[in-house]
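# A look at the structure
In case you want the letters, here they are:
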Amino acid sequence: VGFAMGIAGTQIAKDAANIILLDDNFASIVVAAKWGVFDSIQKFLQFQLTVNISILTLNVICAFADVPCPLTVLHLLWLNLIMDSAASIALASEPPTDQLLERPPTNRHDSIITKQMLTNMIGMAVYEVGIMVFLLWEYEWIPDLQPNSDDPITGSKSRHYTMLFNIFVLLQVFNEYNARFLRGEWQIWRGLTQNPLYLMISFGTMVFQVVMVQIAAPVLTHALKIHPEGLSGRQWLICLAFGIGTLVVQQILNGFRRLVLMLWPGHDHVEEAKQTLAEPSEDASETTPECTPE
């Protein structure tokens with residue numbers, strides 16, 4: 001990301017820059033750098049590509065298996081709203097941290113998708129697709145699948161497919177917490193209290209999902225192809241358990257990545273592993289007051 005001075009800078013510098021400092025204050029450069037523009041882009045890509053890989057793989061599997069996909073067009077539109085609009089705002093609103101200033105600059109030739117990001121995306125997509133495929137064929141153990149004798153056990157407007165849609169959405173809601181970090185950090189809750197906008201978006205997504213699946217189910221049953229009575233309490237607990245499972249899977253991926261870095265020969269890999277192990281404390285993520293140079 002290139003910076004240019006808005007007052008003293010030449011027009012050529014302004015045209016080539018990505019961010020123009022209107023007040024020509026060096027402290028503004030520090031504040032802008034601490035917001036981590038590049039990190040925000042990586043966080044959004046990590047989250048969005050994970051969802052895209054999962055949806056594409058699930059649809060391909062259903063197409064080859066000649067099984068109706070549990071995600072309809074309107075489901076995909078709702079997921080697209082979660083991915084593009086809500087997630088972009090939530091992940092781009094991360095507060096600035098002093099830790100960004102301690103990292104070396106990013107090489108312009110480096111890939112925007114790092115090896116840790118690739119591990120997170122593929123590993124999480126495997127978990128999400130695995131859960132969906134397992135529940136698509138193995139659903140006899142799920143309680144309360146047929147509350148009424150004339151209700152379908154599986155397929156459109158069944159509790160089975162309603163539950164699959166609900167699980168997939170909850171997988172993305174909880175995985176969004178993992179997407180806030182790019183370098184295999186353990187403390188995924190770090191900095192949440194400093195970002196109320198993120199919490200509002202995450203909580204709002206959950207509220208809308210509950211309204212669609214449970215409260216407005218009699219009205220939306222034909223449009224969303226969900227069960228008119230929604231899900232039972234036990235089914236909601238199962239959905240939440242699979243959703244929370246993304247937090248556990250992320251820690252497993254972090255440990256696997258660090259183990260590979262430690263065992264893989266090469267000084268660069270060992271140094272990278274040591275850097276990921278050295279996590280900042282809760283206080284280190286807080287911002288410090290800015291001072292204007294005299």
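See the structure shown above.
Procedures and definitions
- Along each chain, residue indices are assigned from 1 in the same order as the chain's sequence is written.
- pLDDT decides what is reported in this predicted model: residues at 70 or higher carry local features, side-chain atom pairs at 80 or more are listed and counted, and totals for whole chains, interfaces and linings draw on all residues regardless.
- Hydrogen atoms and water are omitted, and side-chain values are computed over all heavy atoms in the structure.
- In this description a helix means any DSSP run of H or I spanning at least four residues, a strand means any run of E spanning at least two, and both kinds are numbered starting from the N terminus.
- Relative accessibility decides the category of a residue: with a 1.4 Å probe and only protein chains considered, values under 20% of the type maximum give buried, values over 50% give exposed, and everything between is partly exposed.
- Contacts: residue pairs with any heavy atoms within 4.5 Å of one another.
- Reported accessibility uses the Shrake-Rupley method at a 1.4 Å probe radius. Residues are deemed covered only where the shown protein chains occlude them.
- Working definition of a nonpolar core: buried Ala, Val, Leu, Ile, Met, Phe, Trp, Tyr and Cys residues. They are joined through side-chain atoms within 4.5 Å.
- Any carboxyl oxygen of Asp or Glu within 4 Å of a side-chain nitrogen of Lys or Arg constitutes a salt bridge here.
- Every patch collects residues that have over 30% relative accessible area and no salt bridge, joining them within 9 Å if they carry like charges and within 5 Å if they are nonpolar side chains (Val, Leu, Ile, Met, Phe, Trp, Tyr).

### Focus on the overall build of the protein chain
In terms of regular secondary structure, the protein chain is built from 11 helices and two strands. Beginning at the N terminus, the succession of helices and strands in the protein chain can be written as β-α-β-α-α-α-α-α-α-α-α-α-α. Every one of the 294 residues in the protein chain was classed for burial, and the buried ones make up 45%. Long-range pairs, those at least 24 residues apart, make up 73% of the contacts in the protein chain between residues at least 6 apart in sequence. Accessible area for the protein chain stands at about 15300 Å²; split by element, carbon and sulfur atoms hold 67% of it.

### Let's talk about the nonpolar core
Counting 50 residues, the largest nonpolar core has Phe165 and Ile167 as the members making the most contacts within it. At the level of elements, α3 (37-65), α4 (73-92), α6 (115-137), α7 (159-178), α8 (196-215), α9 (217-224) and α10 (233-263) are the ones that each hand at least two residues to this core. With 11 residues, α7 is the single largest residue contributor to this core. Leave out the neighbours within four places in its chain, and Phe165 touches Leu71, His75, Trp78, Gln209, Met212, Val213 and Ile226.

### What about the environment of Val51?
Assignment of secondary structure puts Val51 in helix α3. When the C-alpha positions of Val51 and Phe168 are compared, they lie 9.4 Å apart, and in sequence the two are 117 residues distant. With residues up to four places along the chain from it excluded, the contact list for Val51 reads Met83, Phe168 and Gln172.

### Things to note about the pattern of salt bridges
Taken as a whole and judged by the stated rule, the model has two salt bridges. For Arg183, the salt bridge goes to Asp39, with nearest N and O atoms at 3.7 Å. Residue Arg183 is found in the loop between α7 and α8, and its partner Asp39 is found in helix α3; the two are separated by 144 residues along the sequence. Ionic pairing is found between Arg234 and Asp144, a salt bridge with its closest N-O pair at 2.8 Å. Pair noted here: Arg234 is in helix α10 and Asp144 is in the loop between α6 and α7, with a separation of 90 residues, a long-range link. Owing to a relative accessible area of 49%, Arg234 belongs among the partly exposed residues under this scheme.

### Details of a nonpolar patch on the surface
A grouping of Phe203, Val207, Val211 and Ile215 is seen on the molecular surface, where their side chains present a nonpolar patch of about 380 Å² in accessible area. Following the sequence through the fold, Val207 ends up in helix α8. In this structure Val207 comes out as partly exposed when scored by relative accessible area, which is 36%.

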